[in-house]
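Here's the letter readout for the chains.
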Amino acid sequence: MGNDRDPDVYKPLIPHPNPDSKPLNSTEWSSASVPSARTDEQALLTSILFKTALNIIDVSAADSQGMEQHEYMDKARQYSTKLALLSNSLSQKKPLPLPSLTSQPHQVLASDLVPYSDVQQVSKIAAYAYSAISQIKVDAKEELVVQFAIP
Amino acid sequence: MGLLIGNNKGNMTTSALTQGLERIPDQLGYLVISEDGVLASAGELENDEHTAGVIMQMVRTACRFRQQGAAEPPFKRMSVMLEDYVYTVTVSGQKVFVVKRQNNKREPVMV
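Everything quoted here is computed from the prediction, not taken from an experiment.

On a plain count of helices and strands, chain A comes out with five helices and zero strands. Looking at chain A as a whole, 7% of its 151 residues are labelled buried. Accessible surface, chain A: about 14100 Å² in total, of which carbon and sulfur atoms supply 60%.

Residues of chain B with pLDDT of at least 70 account for 83%, and the chain-wide mean is 85. Predicted complex metrics record ipTM = 0.81 and pTM = 0.56.

This paragraph deals with the packing of aromatic side chains. Residue and element names in this part refer to chain B. Within this structure, the stated rule accounts for one aromatic pair over all chains. Consider the rings of Tyr85 and Tyr87, whose centres lie 5.7 Å apart with planes at 75 degrees: the pair is edge-to-face. The class for Tyr85 is partly exposed, based on a relative accessible area of 27%. Classification of Tyr87 by relative accessible area gives buried; the value is 12%.

With that settled, the discussion passes to the pattern of salt bridges. Residue and element names in this part refer to chain B. Under the defined criterion, the tally for this structure stands at five salt bridges over all chains. A salt bridge links Arg101 to Asp26; its shortest N-O distance comes to 3.0 Å. Within this pair, whereas Arg101 is found in strand 6 (residues 95–102), its partner Asp26 is found in the loop between helix 1 (14–22) and strand 2 (27–34), the two being separated by 75 residues in sequence. Overall, Asp26 belongs to the partly exposed group, its relative accessible area being 25%. Glu44 is paired through a salt bridge with Lys100; the nearest N and O atoms lie 2.7 Å apart. In this pair, Glu44 is assigned in the loop between strand 3 (37–43) and helix 2 (49–62) and Lys100 in strand 6, connecting sequence segments 56 residues apart. Among the residues examined, Glu44 registers a relative accessible area of 47% and is labelled partly exposed.

Overall, the relative accessible area of 7% leaves Lys100 of chain B in the buried class. The residues touching Lys100 of chain B, leaving out its near neighbours within four places in the chain, are Asp26, Gln27, Leu28, Gly29, Glu44, Leu45, Tyr85, Val86 and Tyr87 of chain B.

This paragraph deals with the pairing of strand 6 of chain B. Residues and elements named next belong to chain B. Among the eight residues of strand 6, seven are classified as buried, and the element is accordingly described as predominantly covered. Pairing geometry for strand 2 and strand 6, over six bridges, is antiparallel. Bridging across to strand 6, Val32 finds its partner in Phe97. In terms of strand pairing, strand 5 (residues 85–92) meets strand 6 through eight bridges, oriented antiparallel.

Here the focus is the interface of chain A and chain B. The interface of chain A with chain B comprises 21 residues on the first partner and 33 residues on the second. It is Leu98, Leu101 and Leu109 of chain A in chain A that bury the most area against chain B; as a group they hold 35% of the surface buried on that side. On the surface where chain A and chain B come into contact, there are ten residue pairs in polar contact (both at pLDDT 80 or more). Here the residues of the side of chain A that touches chain B are counted per class, giving 13 nonpolar, seven polar and one charged.

With that settled, consider a nonpolar patch on the surface. Taken together, the side chains of Met67, Tyr72 and Met73 of chain A present a nonpolar region at the surface, about 320 Å² in accessible area. Relative to the helices and strands, Tyr72 of chain A resides in helix 3 (residues 69–91).

The next point concerns the side chain of Arg77 of chain B. Along the chain, Arg77 of chain B falls in the loop between helix 2 and strand 4 (78–81). For the buried Arg77 of chain B, no salt bridge exists, and the shortest N-O distance to an oppositely charged side chain is 7.5 Å, to Asp112 of chain A. In this structure the side chain of Arg77 of chain B is engaged in a polar contact, spanning 3.2 Å, whose partner is the backbone oxygen of Ser111 of chain A. Once you skip the residues sitting within four places of it in the chain, Arg77 of chain B turns out to touch Val108, Leu109, Ser111, Asp112, Leu113 and Val114 of chain A together with Thr88, Val89 and Arg101 of chain B.

Calculation criteria
- Residues numbered from 1 in each chain as written.
- Chains lettered and ligands numbered in written order.
- Predicted model: local features only at pLDDT ≥ 70, side-chain atom pairs only at ≥ 80, totals over all residues.
- Heavy atoms only, no water.
- Helix = DSSP H or I, 4+ residues; strand = E, 2+ residues; numbered from the N terminus.
- Buried < 20%, exposed > 50% of the residue type's maximum accessible area, 1.4 Å probe, protein only.
- Areas by Shrake-Rupley, 256 points an atom, 1.4 Å probe, with all protein chains shown as cover.
- pLDDT = per-residue confidence, 0-100.
- Phe/Tyr/Trp six-rings, centres within 6.5 Å; stacked < 30°, edge-to-face > 60°.
- Salt bridge = Lys/Arg side-chain N within 4 Å of Asp/Glu carboxyl O.
- Contact = heavy atoms within 4.5 Å.
- Pairing = 2+ DSSP bridges.
- Buried area = accessible area lost by both parts, 1.4 Å probe.
- Polar contact = N/O pair within 3.5 Å; in protein donor to acceptor, adjacent residues only side chain to side chain.
- Nonpolar A, V, L, I, M, F, W, Y, C, P; charged D, E, K, R; others polar.
- Patch = residues over 30% accessible without salt bridge, like charges linked within 9 Å, V, L, I, M, F, W, Y side chains within 5 Å.
- Lys, Arg positive; Asp, Glu negative; His and termini not counted.

Written out as structure tokens, the structure is:
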């Protein structure tokens, strides 16, 4: 993410607080008058807010960009054409043909059944797996929500 | 006795399809199903279109399984095992064959 977005599409939620800001280095810091702690926090908060806002797309934007009538009609026509194309290709899809599993169906079906011991073993394995899955749980170690206290 | 429902498409006659199934010793009934519907049915599965539908869905799902990188489904026969009986199912020449057989729970005798 950065500043290379199309400004027509990406209107920032919060205008940049200090567009020409340069990172403070130690000399600038010591030479400037000591800013009050309150303003520092404010600036920090604002920059955090701004960085977050850069990465958020507000879908409930109050003032949605208006579209001119002809633009709207064009888009509507574009979408319905595309939809018509897609629905054509979708309806033509036939169910996949079944692969042939054998050329000797009668022989295959007449062969010995699955041994009962095999069935028992698979049932046991399935029961173990079910038991293991049912024991998956969240092990909460800390509170999820904490209060920050500024002394 | 068998009952023919629907067209018989394909090279085999219906009796050729079902003769082999009739002869399976402990069979309780059978179905032969194509894409269009039930071709033949007999015994406890006679006219059982509901079972045919369910088994067709199971077969379609199972035929999509693949072992790593393999082109073919990894099985020849699907067995649906219930308490007293088993449905054995396979696919050959675009047709699904289902035979309902007695479920013998006896342990095999080792000699």
